[in-house]
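# What the coordinates show
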Amino acid sequence: MTTRDDSSRLPTRIVLILALCGGFGPFAVDAYMPGMVDIANEFGVQASTAQLPLTGFLLALGLGQLVLGPLSDQVGRRRIMLIGLAGATLASILCAVAPTIWILITARILQGAFGAAGVVLSKAIVADLATGADMAKAFSLLMSVQSLAPIIAPIVGGILV
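Residues numbered from 1 in each chain as written. Predicted model: local features only at pLDDT ≥ 70, side-chain atom pairs only at ≥ 80, totals over all residues. Heavy atoms only, no water.

Attention now moves to the overall build of the protein. Along the backbone of the protein there are 8 helices and 0 strands. Listing each helix as α and each strand as β along the protein from the N terminus yields α-α-α-α-α-α-α-α. Its C-alpha atoms put the protein at 70 × 35 × 20 Å along the principal axes. Sorting the 161 residues of the protein into buried and exposed places 40% on the buried side. Pairs at least 24 apart in sequence give 77% of the contacts found in the protein among residues at least 6 apart. Counting only carbon and sulfur atoms, one obtains 69% of the accessible surface of the protein, whose full area is about 9,000 Å². Positive and negative side-chain charges in the protein, numbering 9 and 8 respectively, have mean positions lying 7 Å apart. (Helix = DSSP H or I, 4+ residues; strand = E, 2+ residues; numbered from the N terminus. Buried < 20%, exposed > 50% of the residue type's maximum accessible area, 1.4 Å probe, protein only. Contact = heavy atoms within 4.5 Å. Areas by Shrake-Rupley, 256 points an atom, 1.4 Å probe, with all protein chains shown as cover. Lys, Arg positive; Asp, Glu negative; His and termini not counted. Charge placed at Lys NZ, Arg CZ, Asp CG, Glu CD.)

Tracing the backbone shows Arg77 in helix H6 (residues 77-97). A distance of 2.4 Å separates polar atoms of two side chains, one belonging to Arg77 and the other to Asp128. Beyond its immediate stretch of four places on either side in the chain, Arg77 contacts Gly69, Ser72, Leu121, Ala124, Ile125 and Asp128. (Polar contact = N/O pair within 3.5 Å; in protein donor to acceptor, adjacent residues only side chain to side chain.)

Attention now moves to the packing of helix H1 (residues 12-22) against helix H2 (residues 24-32). H2 packs onto H1 with a crossing angle of 40 degrees between their chain directions and a minimal axis gap of 5 Å. As summarised for this structure, H1 and H2 are arranged oblique, according to the angle between their axes. Packed against H1, whose contacting residues are Leu20, Cys21 and Gly22, the element H2 presents Phe24, Gly25 and Pro26 at the interface. Across the contact of H1 with H2, the residue classes tally to 4 nonpolar, 2 polar and no charged. (Axes fitted to C-alpha atoms, helices over the stretch in contact; angles between N-to-C directions. Parallel < 35°, antiparallel > 145°, perpendicular 65-115°, else oblique. Nonpolar A, V, L, I, M, F, W, Y, C, P; charged D, E, K, R; others polar.)

This model, assessed by the stated rule, comprises 2 salt bridges. With a shortest N-O distance of 2.9 Å, Arg77 and Asp73 are connected by a salt bridge. With relative accessibility at 18%, the residue Arg77 sits in the buried group. Using a relative accessible area of 55% as the deciding quantity, one classes Asp73 as exposed. With a shortest N-O distance of 2.4 Å, Asp128 and Arg77 are connected by a salt bridge. In this pair, Asp128 is assigned in helix H7 (residues 101-129) and Arg77 in helix H6, connecting sequence segments 51 residues apart. In this structure Asp128 comes out as partly exposed when scored by relative accessible area, which is 47%. (Salt bridge = Lys/Arg side-chain N within 4 Å of Asp/Glu carboxyl O.)

With that settled, the discussion passes to the packing of H2 against helix H5 (residues 52-75). Two elements in contact, H2 and H5, have axes whose closest approach is 11 Å; the angle formed by their N-to-C orientations is 170 degrees. With respect to each other, H2 and H5 are oriented roughly antiparallel. Along the contact surface, H2 presents Phe24, Gly25, Ala28, Val29 and Tyr32, while H5 presents Pro53, Leu54, Phe57, Leu58 and Leu61.

Taken as a whole and judged by the stated rule, the model has 0 disulfides. This cysteine, Cys21, is not joined by any disulfide, and Cys95 carries the nearest cysteine sulfur, 18 Å off. In this structure Cys95 comes out as buried when scored by relative accessible area, which is 17%. (Disulfide = S-S within 2.5 Å.)

Turning our attention to a nonpolar patch on the surface. Where nonpolar side chains cluster on the molecular surface, the patch consists of Ile83, Leu90, Ile93, Leu94, Val97, Ile103, Leu110 and Phe114 and spans about 670 Å² of accessible area. Put simply, the parts of the chain that give the nonpolar patch at least two residues each are H6 and H7. Top contributing element to the nonpolar patch by residue count: H6, with 5 residues. Its location among the elements puts Ile83 in helix H6. (Patch = residues over 30% accessible without salt bridge, like charges linked within 9 Å, V, L, I, M, F, W, Y side chains within 5 Å.)

Here it is, written out as structure tokens:
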């Protein structure tokens, strides 16, 4: 009979926090969609220009994951995650007060780059801290919570508009 090592068990609270960090990317994409026409009107730009903040965000989110994942292997996940959360928060505030479309585009690129930390590191932290069946349960909860972001985000975005 084997004994269970509870030290490898990841608390549900931590998994939920990681899931929220990982859901930032999908949420930020889908919450933007309902306001696209209003953004074009607000800044007096064409619809194609109003799509540039989204394009910049997605590119930065993808490239950020490629950079931040390996970087966190070298300098530690906690530091990168905290910098990512702080940066994404500041970039989100800048998005909210952006006076021009070009500042909004820049802020969304920063938001994507910093937000990549939550997307890539949420999974890496689970893999680092849990093993076996506990890892499977943690990933299941992580993915369940993260899958709600694209469902809830357009509703929140519509309310904000």
